[in-house]
Amino acid sequence: MLNPLRRLFSVVEALNLLPKHQYREASEKIGHGSVYLQDELSLLEKSTRFVTRELEALHIEVEDKNESLQEQIAVITRSRAFLERLIDSSHLFIATQRLDGTILTSNARFEKEFKRPISNFTELFVSRDSRETFQRRVDLLAKDKCEVIQVDAEFANDQGLPIYLDWTCSIVEDEKGRRIILAIGIDLTQRKRDEEALEWLANNDPLTGIGNRRGFQHDLQKVLDTQKSGAVVFIDVNRFKQINDLYGHTVGDNVLIQIAESLRASVRSTDSISRLAGDEFTVVLPGIEPGQLEKLLQKLSVQLSGQLPLPGEERFVEYNVSVGAAMIPTHGTTEQELIVHADMAMYQAKKRGGDQWQVFDPASNDLADLRRDHDLTSLLKQALKRNDLFQLNFQPIFAIKNETVSHYEVLLRLKDTAGNAVYPSDFIPAAERMGLIRLVDEWVMDQAIQKLAATCRAGHQLSFSINVSAPTLQSSSFPDIIISLVRKHGVDPSSVIVELTETAYIENFQMVLTNLERINEAGVLVALDDFGVGFSSFSYLKKLPLSYVKLDGSYILDLENNRDNQVFVESLNKMVNAFGMRTIAEFVEDEATLRKLEELGVAYAQGYYIGKPSPNLEKMVAGAGFEPTTFGL
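Residues numbered from 1 in each chain as written. Predicted model: local features only at pLDDT ≥ 70, side-chain atom pairs only at ≥ 80, totals over all residues. Heavy atoms only, no water.

> Honestly, the overall build of the protein in this entry has me stumped. Any pointers?
A count of helical and extended segments in the protein gives 21 helices and 21 strands. Relative to the 2.2 N^0.38 estimate, which gives 26 Å for 633 residues, the radius of gyration of the protein is 49 Å and therefore markedly larger than a compact globule would have. On the principal axes, the C-alpha backbone points of the protein span a range of 175 × 65 × 50 Å. Across the protein, every contact between residues at least 6 apart in sequence was considered, and the portion connecting residues at least 24 apart equals 61%. With an accessible surface of roughly 33,600 Å², the protein has 52% of that area assigned to carbon and sulfur atoms. Separation between the mean location of the 69 positive side-chain charges and that of the 91 negative ones in the protein comes to 4 Å. (Helix = DSSP H or I, 4+ residues; strand = E, 2+ residues; numbered from the N terminus. Rg over C-alpha atoms; globule rule 2.2 N^0.38 Å. Contact = heavy atoms within 4.5 Å. Areas by Shrake-Rupley, 256 points an atom, 1.4 Å probe, with all protein chains shown as cover. Lys, Arg positive; Asp, Glu negative; His and termini not counted. Charge placed at Lys NZ, Arg CZ, Asp CG, Glu CD.)

See the structure below:
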């Protein structure tokens, strides 16, 4: 048994170990010996052991809780880091601010867009009105009169460029329980730009950059609502479809752009210009007087006509316009009245040729002609879709020396829906004006070659001469179309003769020459119509791959009694024969004219004396008393 001093010393050592959390060592110091007599020292040892056990248990509990707390802190730390990364990588603008607007924190997107030093949120606003609106709404938020406020406004970024943000703000508490504002912004810049672009496209023409039909209607209505006087100008580009067909849509587009630029430079800043459709332009002129209008129309008819260089060539595309105008309110007080009357005035100007202008004149109202053109256009479009309105007629061409039919000219006839005949002199010009002539040509070529194939299969060897207009001849697709039709229907290419008409309207002669050389190489023959009218036709003799030359009918009428025409026809015939071609005389109305042509050496004759145009080809072939043959040149 230890002596009392030694026991006391052990208690002291044990107590010294407790602050060091050495509870096991402390227990060992005191020991667990039994004592028979309980004295103060025994009570001290017992108390020390109890305290040691309690402290040890408490220490273990603290360590467990501390470990749990560390784990929670780690989780919170990771969560906070995740939230910070999430906030910083977000496309949203996030910032916290005091109620007075002082910025407390912000995310990376905010700091990247607004790098310049900013202490107060209101400094971001470009507009003073927007800033004041925001402040009023913040006051409502601070007074708990609303839970959330929203502000959509324009701001300036670090480069001074405008950006559009939609801010949503609400009251939150910070870590100290203080009321602050959390502001979250969405970037609306691209959406705003898209909306502005869509709005611009809704009212403007993307090719020329000027107004479109909707813009015209808006501008005109504004003038009608606010002005007592003014005018509407209607502008049409003459023969624009032919420009597109000959030179391509890129050149056509450049013509429209150049006209729009000239138009923009020719009018007042208060005037509104628009591209109504295709090759049609309009100008709304508020408050203009009649005298001023006439001067402007004269100016426009000159300045809107011009020429455009062809890329890579030393040639120019020439274009001109027809201009019409209607006065407000003299000629109308509604959009419909004004546009119809301005269009009619333009139509009156167009009838006089290019570079012309006209103010609407009710006294010389061309409404009937305009309606006639509209009706003809509608009828032509129906005829192209149906098989009962267009009709092919055939007129024989007589080989004088052999006294037999050489070939037939294919002529187009048209009936309206009531069965009444429509003259070619009416519907052909209408088809040209309305841009339908190429479709008409393609219909005729297809139907004629199909008819030729059927007749040949029936045992009759024929040749057809098919008239082709200038726009079709100048189209780059023309050779492929006719060659494919010849192959499709299985006819001999030499039994198809392409007859050039309207040579005066050929603008791109090189394209015509290239096209005719291609079809001639494929075996298709070529004829020239109305030869002898104008000096230009003479140059075609040595340039074009011609087989037939048709003398203009004006030289054949009364040929027997007109010595000058006899000399002229004989000379033309000799010149044509010298080039290895054969002549055809039109308008042969009697036996005397036929015999005179034979005397002058003309090879072929055509006219009512030979045979009138008829849709019944089979009857013509079978009932004329002779079998048509192909005359070899």
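So, next bit.
> Can you help me understand the packing of helix α14 (residues 437-457) against helix α16 (residues 478-489) in this one?
Between two packed helices, the angle of one axis relative to the other and the distance separating the axes together describe the packing. Between α14 and α16, the least distance of the axes is 9 Å, while the angle of their chain directions is 25°. One way to sum up the angle between α14 and α16 is to call them roughly parallel. Crossing angle aside, the handedness with which α14 passes α16 is right-handed. Side by side, α14 and α16 meet where E442, M445, D446, I449, Q450, A453 and R457 of the first sit next to F478, I481, I482, L485, V486, K488 and H489 of the second. Classifying every residue of the contact of α14 with α16 by side-chain character gives eight nonpolar, two polar and four charged. (Axes fitted to C-alpha atoms, helices over the stretch in contact; angles between N-to-C directions. Parallel < 35°, antiparallel > 145°, perpendicular 65-115°, else oblique. Left-handed = near helix turned anticlockwise from the far one by under 90°. Nonpolar A, V, L, I, M, F, W, Y, C, P; charged D, E, K, R; others polar.)

> Explain α14 to me, please; I cannot follow it from the model alone.
Because each turn of an α-helix spans 3.6 residues, side chains separated by three or four positions end up pointing in the same direction. Spanning 21 residues, α14 covers 30 Å between terminal C-alpha atoms, matching the ideal 30 Å at 1.5 Å per step. Within two residues after α14, G459 carries a phi angle of roughly 100°, on the positive side. (Expected span 1.5 Å × (residues − 1).)

> Help me understand the state of the cysteines in this model?
By definition, a disulfide links the sulfur atoms of two cysteine residues through a covalent bond. Enumeration over the complete set of coordinates arrives at zero disulfides. Cysteine C146 remains unbridged, with the sulfur of C169 as its closest cysteine sulfur at 10 Å. Overall, C146 belongs to the partly exposed group, its relative accessible area being 25%. (Disulfide = S-S within 2.5 Å. Buried < 20%, exposed > 50% of the residue type's maximum accessible area, 1.4 Å probe, protein only.)

> What is the right way to look at the layout of surface pockets in this model?
Left-over empty space is what a probe sized like a water molecule reveals as it rolls over the atoms. A volume near 1,600 Å³ is recorded for the largest pocket. Forming the walls of the largest pocket are 44 residues, and the residues nearest its centre are D236, K350, E432, R433 and M434. In terms of residue count, the dominant contributor to the lining of the largest pocket is helix α11 (residues 335-351) (nine residues). Its residues assigned to classes, the lining of the largest pocket comprises 18 nonpolar, nine polar and 17 charged. (1 Å grid on protein atoms, 1.4 Å probe; cavity = no way out; pocket = protein on both sides within 12 Å on 5 of 7 lines; lining within 4 Å. Points joined across faces, edges and corners; volume = space filled by probe spheres on them.)

> Teacher, can you tell me more about the side chain of H489 here?
By the secondary structure assignment, H489 is in helix α16. Polar contacts involving the side chain of H489 include one to the side chain of D446, which spans 3.1 Å. Not counting residues up to four positions away in its chain, the partners in contact with H489 are D446, I449, Q450, A453 and R457. (Polar contact = N/O pair within 3.5 Å; in protein donor to acceptor, adjacent residues only side chain to side chain.)

> Mind showing me how you'd approach the sheet that holds strand β2 (residues 103-106) here?
In sheet architecture, strand pairing relies on hydrogen bonds along the backbone and comes in two forms, parallel and antiparallel. Judged by pairing direction, the sheet is antiparallel, and its five strands sit side by side in the order β2-β1-β5-β4-β3 without closing on themselves. Looking at which strands have only one partner, the edges of the open sheet turn out to be β2 and β3 (148-156). If you compare each strand with its neighbour and ignore which way they point, the axes differ by 25° on average. Examined bridge by bridge, strand β1 (residues 93-97) and strand β5 (residues 179-187) share five bridges and lie antiparallel to one another. Within β5, the residue paired with I94 across the bridge is I184. (Pairing = 2+ DSSP bridges.)

> Just to check I follow, could you spell out the pairing of β2 for this structure?
Both faces of the sheet carry side chains from a regular strand, because those side chains alternate between them. Sheet topology places β1 next to β2; three bridges connect them, and they run antiparallel. What sits directly across from A95, in β2, is S106. Where β1 folds back on β2, the antiparallel hairpin that results is connected by five residues, among which G101 adopts a positive phi of roughly 95°.

> Just to check I follow, could you spell out a negative patch on the surface for this structure?
A grouping of E63, D64, E67 and E71 is seen on the molecular surface, where their side chains present a negatively charged patch. Relative to the assigned elements, E71 resides in helix α3 (residues 40-89). (Patch = residues over 30% accessible without salt bridge, like charges linked within 9 Å, V, L, I, M, F, W, Y side chains within 5 Å. Salt bridge = Lys/Arg side-chain N within 4 Å of Asp/Glu carboxyl O.)

> Even after reading the chapter, I still don't get the confidence of the model for the protein, so can you show me in this structure?
Detailed conclusions should not be drawn from predicted coordinates in areas where pLDDT is low. In the predicted model, the protein carries a mean pLDDT of 86, and 92% of its residues have values of at least 70. Between the elements of the protein, mean pLDDT differs from a low of 72, seen in helix α18 (residues 536-543), to a high of 96, seen in strand β21 (residues 604-605). Here residues 624-633 is modelled with pLDDT under 50, and outside its nearest four sequence neighbours on either side it reaches 27 contacts, counting other chains as well. (pLDDT = per-residue confidence, 0-100.)

> Help me understand the environment of N157, please; the structure alone is not making it clear to me.
Along the chain, the position of N157 falls in the loop between β3 and β4 (162-173). Residue classification places N157 among the buried positions, given a relative accessible area of 6%. Distance in space between the C-alpha atoms of N157 and F114 is 5.4 Å, their sequence separation being 43 residues. Within the structure, the side chain of N157 is placed 3.1 Å from the side chain of E113, a separation counted as a polar contact. A polar side-chain atom of N157 sits 2.8 Å from the main-chain amide nitrogen of L161.

> Before we go on, may I ask you to explain the sheet that holds strand β12 (residues 356-359) in this structure?
Spatially, five strands are ordered β7-β8-β6-β11-β12 in an open sheet, and the strand pairing comes out mixed. Lying at the two open borders of the sheet, with one neighbouring strand each, are β7 (272-277) and β12. Across the sheet, the axes of successive neighbouring strands diverge by a mean angle of 20°, strand direction being ignored. Looking at chain direction, strand β6 (residues 230-237) and strand β8 (residues 280-286) are connected through seven bridges and run antiparallel. Looking at β8, one finds that A231 is bridged to L285. Helix α10 (residues 290-303) contacts β6, β8, β11 (321-328) and β12 of the sheet and is inclined by roughly 160° relative to β12. Its contacts with the sheet place α11 against β6, β7, β8, β11 and β12, and it is angled at close to 145° to β11.

> Looking at this model, I keep getting lost on the side chain of D205. Mind explaining?
Along the polypeptide, D205 turns up in the loop between α6 (189-203) and α7 (213-226). Engagement of the side chain of D205 in a polar contact is seen with the side chain of T208, the distance being 2.6 Å. In contact with D205, other than residues within four places in its own chain, are W200, I210, G211, N212 and R275.

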